[in-house]
Structures are given as C-alpha cells and as structure tokens.
Amino acid sequence: MGLIVSKFGGSSVASSQKIKQTVEIVRLDPNRRCVVLSAPGKAPEFSVKVTDLLIDAVTKTLNRQDYAEPLREVKARFAAIYEPLGVPRGVIDGALGDLEGRVKSPTNHPGKYRDLVVAAGEDINCKIFAEYLNILGVKAKYVCPKEAGLLVTPIFGDAQPLPEASVNLAKLKGLCAEGIVVFPGFFGYTADGDVATFSRGGSDLTGAILAEAMDATEYENWTDVDGIFSAHPHMVDSPAQITALTYKEMRELSYIGFNVLHEEAVRPVMRKKIPIRLRNTNNVDNKGTLIVSERLPGERDVVGVASGGGYCSFTLQKFLMNREKGFGRKLLSIFEDMGLSYEHCPSGVDNISVILDQDQLKPETVNNIIRAMDEVLVPDEVKTEFGIALVSVVGEGLVQKVGVLSQATGALSRAGVNIKLVNQGSSEISMIFGIDASDESKAVNALYKEFF
Ligand code: ASP
C-alpha cells in the first residue's frame, strides 16, 4: 500500500461545500493517509482569508486598537463552514478555545506574538476537520506539530525546518497506518517551544517535509487550478496543460511567473525523488501536473514559456575590462553590501550588466549603487534601465536540441520585439530574454506559438 501526503490549500477548505469536496477526495483513494490543511481561504461568500483576518487582529493589538471584530469574524467563519456539515457546536468551540488566549498573550516580542496568533487558522481548521472525518466514520487524528517534533528555526514569519524535524516526523508513518493523520500546515515549533510560521503559502512546505520524512509514494498539492500550463493563462488564450515536467523545469518556470507551489516546497521532496502532483479540487477528473526527477523520452523539448516584469539593469562599460582581475567580484560585492540580490549577470568583452528585481530598490539606492561603482570600479560609463521584463523558454530538451535559440529569436523578431539581453543558463534548461515590459505579452504569445 502506498502513502500519499495530500495538502489542501486555503481555497479547498474555504466553505462547507469545499470541505465536502475535500473529504470526498480523501475518501477516493485509501492511500491518502496524511492530510495537510491550510486555513480557510477565500470563497464566493467569504472575501477575506482567515490568515488575513488573524494578521489584522495582530496588527490591531500591536497598535493598541480593538481586535474584537477580526476575531469575531474568524470564529464566525469556522462556525459558518462546519455547522452546516453537522459538526456539533461544542467541537467547534473546543477548537476555537485557545484563540482568545493566543490574542491576549504578551506582545513584547512582536514576531513571536504574530506567529502564535496567525498559526491558529491552520490549527483550528485541522482540529475540526479531523473530528468531522470521525463523525463521518472515517478514522482520523489531529496531530500537533509540537508533539510530532516539527522543529524549525526561530526566524518568526520565515522559519525553516531543522534536520531533526525529518527524523521526528518519520515516526508518524505508523500512525498513518491506523487512521488518517490530519496535520496543520504553515508552522512548526522552535527549540524553545515557540510557534514559528513559514513564509506565506508555507503549508506547501509542511506537506513536502512530511512527504519526505515518511518516504511518501506521492505528494499531492490540491488547489483551484488544474496544474501548470505551458504559458500563463493571463498572457495566452487557453494554453496547454503540462502533464509532466521535472523539478528543475518547475523551478525555472516558477522563477518568473508560475507561482503554483511555494518555492521552498520542492527541495525536500526532490531530495528523495518523491513525485509531486498538482491537482484541482474542483476538477477531480483532471489528473493534474506531475513533477518528477527525470523526463521521459519522447516528451516535448520545451515545456513552457514564463515571464515576469519589474526588473532593472545596471550596465557598466570600461575599456579593457576583461583584463582587470576581480572586476566581477567587486561589482557583485557592491550589491551584496547593500543587501540586494541579483538575478543575472550577462557580460561582453568590455561591458557587464547586473539584472535585479527593482522592487528591492529605494529611491536613494540607485544613486548609492552608481556612486559605489564609480568609486570602486572607475567605469567609463554606467547606464541604468528600468521596466525590463524577462521572458523564459524552459525545457530540459534544450540541452540536446539544435537551433532553439534561433527559433526563439526568430519568433521574437517577427513579432517586432527588441531583445535587450539574452541569458542561457549553463544548465541549458532555460533561455531568458530581457525585453521592454510593454512587449511582454507580445513576446510570450510569439514564443508560445512557435513552440506549441
Ligand atoms: N494560511 C497561510 C497563508 O495564507 C499558509 C498557507 O495557506 O499555506 O499564507
């Protein structure tokens, strides 16, 4: 018998009807032994996510304002979801029991306080969901991440799992054989016993850590989309769904534009080569998108076209730059010293560009960067450009295929798109084009048409 870890996102648990669908899905496959839930997200009848209501309560408390309203809404939301399903009021109130206490906890460490309150959404949801399964005659058990040993770093709001967590969570495998384990996503405990959450969307990471620890046969991630598409549906009309792709391809696609899965969730499962399957709670007949370690022969050379805007570049020109030792190191140190991360660094004989996400920059930062460049590197010229979009053609098949670059540049030139930079990573899984942001949609459509 297999062991599937199934993570259901906020939209899959957002209303009574969604909870019913989720239970149906759990029951459909006896291998679904471990269920990880988010806090209820948005639904047609609920416009705010429970996590956002809890964040609102935290902000209000920290600003010495009245937090009663968001707290009332959280309680009302759980009642509105679970009461129509026949879950007794006592069970709901029992799960909500410590919410008031969390909100009234000491606020002297705001990060610690925030995480304690915000994690309640997942925790309460899982306690009630497990009871609901039992009411339906499906044996299930809520598991507390503290008791299970999900140890994380004390970086509040952006915790990382510790290696011991994996060893501890492996022991849950036995429990999965006895009944369905219902495990709250999004948070763990520090060595001091404090709640610490992952970054937003972090329930994906919880599912991945559990799948890795228990050597799951598959990690399912249920959301409200069918899977990953060959291009973003906002850019291209009805793009083809990708049925299978590799972890690396997924990473390249999610790097610009495809945010189906939390970035950090791929690493744990990739280590053990556990397949990830992205599924749609609203469309169970669709088998979703499978993410695996190796591509099968006969698959497409190019799996997708991704894009993202909001990049800027700093281009330095200096005669005989290629002979100057340490030029690249000194250049990148300028960004490092200012706490900025860079995305790409294409270079020519006497010029080099650094591309970065322009959201990181404050108005004064650009000046400071140029001043530091002038002082440290004495370039002949520094040029900056903002509003660059990056468009990427992704596929492991690019390694063997001749002429993909010319095919792509041909398509872009026929569409009248001016290419500002080209970057083909050394792994040859993707080629990235820097273009004017206003050409993004034109470029994606031209490339999609060319390869699909
Ligand atoms: N509920 C949290 C959020 O909204 C975590 C999650 O859903 O994965 O970010």
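Residues numbered from 1 in each chain as written. Predicted model: local features only at pLDDT ≥ 70, side-chain atom pairs only at ≥ 80, totals over all residues. Heavy atoms only, no water.

Student: Give me the lowdown on the pattern of salt bridges, citing residues and values where you can.
Tutor: Where charged atoms from two side chains of opposite charge come close, those side chains can pair. With the rule as written, the count across this model stands at 24 salt bridges. The closest approach of N and O atoms between Asp194 and Lys112, which form a salt bridge, is 3.5 Å. Pair noted here: Asp194 is in the loop between strand S5 (187–189) and strand S6 (195–197) and Lys112 is in helix H6 (residues 110–118), with a separation of 82 residues, a long-range link. According to the relative accessible area criterion, Lys112 is partly exposed, its value standing at 32%. A salt bridge links Lys442 to Asp439; the shortest N-O distance between them is 3.6 Å. Take Lys442: its relative accessible area is 40%, and that puts it in the partly exposed class. (Salt bridge = Lys/Arg side-chain N within 4 Å of Asp/Glu carboxyl O. Helix = DSSP H or I, 4+ residues; strand = E, 2+ residues; numbered from the N terminus. Buried < 20%, exposed > 50% of the residue type's maximum accessible area, 1.4 Å probe, protein only.)

Student: Just give me the short version of the site of the ligand, but keep the residues and values in it.
Tutor: Taken together, Ser38, Thr51, Glu122, Phe186, Arg200, Gly201, Gly202 and Ser203 make up the full set of residues adjacent to the ligand. Backbone polar atom of Gly201 to an oxygen atom of the ligand: 2.8 Å apart, as the coordinates give it. Here the ligand, which alone exposes 260 Å², has 90% of that area covered by the protein. Of the residues belonging to the shell around the ligand, the class tally is one nonpolar, five polar and two charged. (Near = heavy atom within 4 Å. Polar contact = N/O pair within 3.5 Å; in protein donor to acceptor, adjacent residues only side chain to side chain. Areas by Shrake-Rupley, 256 points an atom, 1.4 Å probe, with all protein chains shown as cover. Nonpolar A, V, L, I, M, F, W, Y, C, P; charged D, E, K, R; others polar.)

Student: A description of helix H15 (residues 363–377) should follow, citing residues and the corresponding values.
Tutor: Residues lying three or four places apart along an α-helix face the same way, a consequence of the helix completing one turn every 3.6 residues. Helix length check: H15, at 15 residues, gives a terminal C-alpha distance of 22 Å against a target of 21 Å (1.5 Å per residue), a fit within 8%. Listed in full, the buried residues belonging to H15 are Thr365, Val366, Ile369, Ala372, Met373 and Leu377. Viewed end-on, H15 has its buried residues packed into an arc of 130°, placing them on one side of the element. Turned more than 90 degrees off the buried face of H15, the exposed positions are Pro363, Asn367 and Glu375. Turning to H15, the residues buried within the fold contact strand S11 (304–317), helix H14 (327–337) and strand S13 (381–394). Looking one or two residues beyond H15, the residue adopting positive phi is Val378, at roughly 45°. (Expected span 1.5 Å × (residues − 1). Arc of directions from axis to C-beta. Contact = heavy atoms within 4.5 Å.)

Student: Outline the packing of aromatic side chains, listing residues and values.
Tutor: Counting across every chain of the model gives four aromatic pairs. Where Phe8 meets Trp222, the ring centres are 5.8 Å apart and the plane angle is 15°; that geometry is what we call stacked. Of this pair, Phe8 sits in strand S1 (residues 4–8) while Trp222 sits in strand S7 (residues 218–223), and the two are 214 residues apart along the sequence. On the basis of relative accessibility, which here comes to 0%, the residue Trp222 falls in the buried class. With 6.1 Å between their ring centres and 70° between their planes, Phe187 and Tyr189 make a pair best called edge-to-face. (Phe/Tyr/Trp six-rings, centres within 6.5 Å; stacked < 30°, edge-to-face > 60°.)

Student: How would you summarise the packing of helix H4 (residues 89–96) against helix H7 (residues 120–135) if you had to cite specific residues and measurements?
Tutor: Between two packed helices, what matters for the description is the angle formed by their axes and the separation of those axes. Axis separation between H4 and H7 bottoms out at 9 Å; the angle between their running directions is 150°. Compared by their axis directions, H4 and H7 come out roughly antiparallel. Regarding H4 and H7, the two cross each other, and that crossing is right-handed. On H7, the residues that touch Val91, Ile92, Ala95 and Leu96 of H4 are Ile124, Lys127, Ile128 and Glu131. When grouped by side-chain class, the residues that make up the contact of H4 with H7 number six nonpolar, no polar and two charged. (Axes fitted to C-alpha atoms, helices over the stretch in contact; angles between N-to-C directions. Parallel < 35°, antiparallel > 145°, perpendicular 65-115°, else oblique. Left-handed = near helix turned anticlockwise from the far one by under 90°.)

Student: Lay out the environment of Val118 in plain terms, naming residues and giving numbers.
Tutor: In this fold, Val118 is placed in helix H6. The spacing of Val118 and Leu53 is 65 residues in sequence and 8.7 Å in space, taken between C-alpha atoms. Excluding its chain neighbours within four sequence positions, the residues that come into contact with Val118 are Thr51, Leu54, Ile55, Val58 and Phe186.

Student: Before we move on, can you summarise the sheet that holds strand S14 (residues 419–424) with the specific residues and values?
Tutor: The five strands lie next to each other as S12-S11-S13-S15-S14, forming an open sheet whose pairing is antiparallel. Both outer strands of the open sheet, strand S12 (351–357) and S14, are each paired with one neighbouring strand and no more. Mean inter-strand twist for the sheet, computed between neighbouring axes without regard to direction, equals 35°. Pairing of S11 with S12, which is carried by seven bridges, proceeds in the antiparallel orientation. Opposite Leu316, over in S12, you have Ile352 as the bridge partner. The strands that helix H16 (residues 404–414) touches are S14 and strand S15 (430–436); relative to S15, the one it contacts most, it runs at about 20°. Across the sheet, helix H17 (residues 440–451) touches S11, S13 and S15, and the angle it forms with S11 is around 125°. (Pairing = 2+ DSSP bridges.)

Student: Go over the nonpolar core with me, naming the residues and quoting the values.
Tutor: One finds Val5, Leu169, Phe183, Leu210, Leu253 and Ile276 to be the most contacted residues of the largest nonpolar core, which totals 52 residues. With near-sequence residues (within four places) excluded, Leu210 lies in contact with Val5, Cys34, Val36, Leu169, Leu172 and Phe183. Ala14, Val117, Phe129 and Tyr132 belong to the second largest nonpolar core, which has 47 residues in total. (Core = buried A, V, L, I, M, F, W, Y, C linked by side-chain atoms within 4.5 Å.)

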